[in-house]
Amino acid sequence: MTVDLKCFDKIVVGPVKVKKRSSSIRYELHFNGVRKEYTLIQSYPEEVNIRGFEELAVLAGIVPAINYGLFTPLIEIKAPLHELDYKYFLDMMDITARDIFVNRIINKTGLIKEEYLPKGDVSPEDAKPIADVDVRETFTGTRLDSRPEEYKCTVMSSGGKESLLVYGLLREVGCEPYPYFVNESGRHWFTALTAYKGLSSMDPRTRKVWTNVDRLFAFIEKNMRIVVPYYWKKNKEIYPVRLFWYAHFIFSVLPLAVKNNVGNVTMGNEFDDPTGLTYEFNGIRHYYATYDQSLDFDDYMTSFMAKRGIGIKQWSPLRPITPIIVLRILFNRYPELGVLQTSCHSTRIEGGVVKPCGTCFKCNGVLLMMLAEGLDPTIIRYERKHIETLPERLEKGLIRLEESLVKHSKYLITQRGLWSFPDAEPVWHVEMIHFDNINARTDFIPIRELREKVLDIYEKYTKGYVYLVNGKWLPGSRPE
């Protein structure tokens, strides 16, 4: 490779400051003889009041820096770091560098200046971080006093269909849910606002943690010489380089989870079809830009938290089911939750009501699947014009769903007589419960009693089970 991706001389992270209801950590960017700084803040709705709060604050605080190992020769951490946290940082930086290199540098997005794109063949060596990570102080042991209870579950809540269904399922099957929202300081919060208000009114366990991590990312990327100016105007669907931030959200809510003795962190990660995917480019292992939504990430986090003395398990109850089944169960079984859904990259507020833009990639996917299910999108604040013009946007390819899901949704819409799509095609396994060893294992919920109850519910809305065998989906029976 004949290109230099270096943007900074070093990134300095720390020190961390902890108060009763907040934590903060300073970021410094050093480049071209100048130093710029920004303070990352987490703010809590109540006093955290747990032992070891500062350890979790450091973990949440260092996560954003994991994204920049390809772009600086030195990351200096000026905060005491547990030896396991240090290893976590290095492991995540290595994985994230590969994902960024393949999916944001090699795969052209229009957000990286042309002169910084690799010329010629690339190798695994090119995707390795250039950063040395210098930690001022490491330690072993912990002040954390975590006492996780198996039947309490944090629900990482975003306002989308997935986290709302997770909440509904867990509430029904007997895992006491704690819906925790992370309120980013920018417009992202609009997407979550309707669900936050709705859940707050019906469940006193609902909490919101405020963070300005979105502004920290923007601060860093605006100072990267390889990123095109005004990148946020050119593509609202993706970011220039950052790929790893869910861990920041998880570590940000852990103080509340530990305070309430919560034993599980549950995500809204649904089925992703691995067929036809190599997870490799020129010998570079990657995750198609979705590592922090992967089963491997859940496994790593569960193992890490066990070793770290936190003891909280991380998993998603939605892994075996497709997005169309998510919508089917949500609106048919938990309609009071379904109407709270917002899935949009460009929401706006009109008359105090959050409304989706109706035309972005996310909106187009939701509209397509709701219409396939015979649902009326106006109940979640879409307008008739968004529905009527959907075929035009689909024709232009303005959607980011798996091809099998698009084909099957178009088939169901055609069957309903709403429109006729020439490329509509039934894909038999889309409405099934899926198991494989990549995205959805048969032990997808680690607590057997909960798993059996969730499968009982899934069976009412699906058409059976399928298993991935030698790259093909084959019908099967319920796992023992």
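Residues numbered from 1 in each chain as written. Predicted model: local features only at pLDDT ≥ 70, side-chain atom pairs only at ≥ 80, totals over all residues. Heavy atoms only, no water.

Q: What should I look at first to understand the pattern of salt bridges in this one?
A: If the charged atoms of two oppositely charged side chains come close together, the side chains can form a pair. The full count for this structure, using the stated rule, is 43 salt bridges. The partner of Arg207 in a salt bridge is Glu46, and the shortest N-O contact between them spans 2.6 Å. Here the residue Arg207 occupies a position in strand S8 (residues 207-211), and Glu46 occupies one in the loop between strand S3 (34-43) and helix H1 (53-62), the gap between them amounting to 161 residues. Here Glu149 and Lys152 are joined by a salt bridge, their closest N and O atoms 3.6 Å apart. With relative accessibility at 13%, the residue Lys152 sits in the buried group. Residues joined by salt bridges that share partners form a network here, namely Arg348, Glu350, Lys355, Glu383 and Lys385. (Salt bridge = Lys/Arg side-chain N within 4 Å of Asp/Glu carboxyl O. Helix = DSSP H or I, 4+ residues; strand = E, 2+ residues; numbered from the N terminus. Buried < 20%, exposed > 50% of the residue type's maximum accessible area, 1.4 Å probe, protein only.)

Q: Would you take a moment to explain the sheet that holds strand S6 (residues 149-157) for this structure?
A: Pairing between the strands of a sheet is mediated by backbone hydrogen bonds and can be parallel or antiparallel. Reading across the sheet, the 10 strands line up as S5-S4-S1-S2-S3-S8-S7-S6-S9-S12 and stay open at both edges, with mixed pairing between neighbours. Each end of this open sheet is capped by a strand with a single partner; those strands are strand S5 (132-139) and strand S12 (313-315). Strand-to-strand twist of the sheet, defined as the mean angle between neighbouring strand axes without regard to direction, takes the value 20°. As paired elements, S3 and S8 share 2 bridges and run antiparallel to each other. (Pairing = 2+ DSSP bridges. Axes fitted to C-alpha atoms, helices over the stretch in contact; angles between N-to-C directions.)

Q: Any chance you could explain the nonpolar core here in plain terms?
A: Nonpolar side chains tend to gather and get buried jointly when the protein is soluble and globular. The biggest cluster of nonpolar side chains holds 93 residues, and the ones touching the most others in it are Phe71, Tyr88, Met224, Phe251 and Leu254. Counting residues per element, this core draws most heavily on helix H2 (residues 83-106), which supplies 10 residues. Counting residues in hydrophobic clusters, the runner-up holds 68 residues, among them Val166, Tyr167, Leu371 and Leu450. (Core = buried A, V, L, I, M, F, W, Y, C linked by side-chain atoms within 4.5 Å.)

Q: Explain the environment of Lys36 here, please?
A: Residue position: Lys36 is located in strand S3. Here the alpha-carbon distance between Lys36 and Ile66, two residues 30 residues apart in the chain, equals 18 Å. Not counting the four nearest positions on each side in its chain, Lys36 is found in contact with Tyr27, Glu28, Leu29, Phe31, Phe219 and Asn223. (Contact = heavy atoms within 4.5 Å.)

Q: It is not clear to me how the state of the cysteines should be interpreted in this structure. Could you clarify?
A: Two cysteines whose sulfur atoms are joined by a covalent bond form what is called a disulfide. In the structure shown here, the tally under the stated rule is 1 disulfide. A sulfur-sulfur distance of 2.0 Å marks the disulfide that ties Cys153 to Cys175. Judged by the sign of its S-S torsion, about 85°, the bond between Cys153 and Cys175 is right-handed. Here Cys153 is found in strand S6, whereas its partner Cys175 is found in the loop between helix H3 (161-173) and strand S7 (176-184), with 22 residues between them in sequence. This cysteine, Cys360, is not joined by any disulfide, and Cys363 carries the nearest cysteine sulfur, 3.7 Å off. Owing to a relative accessible area of 6%, Cys360 belongs among the buried residues under this scheme. (Disulfide = S-S within 2.5 Å.)

Remember, this is a structural readout, not a statement about activity or role.
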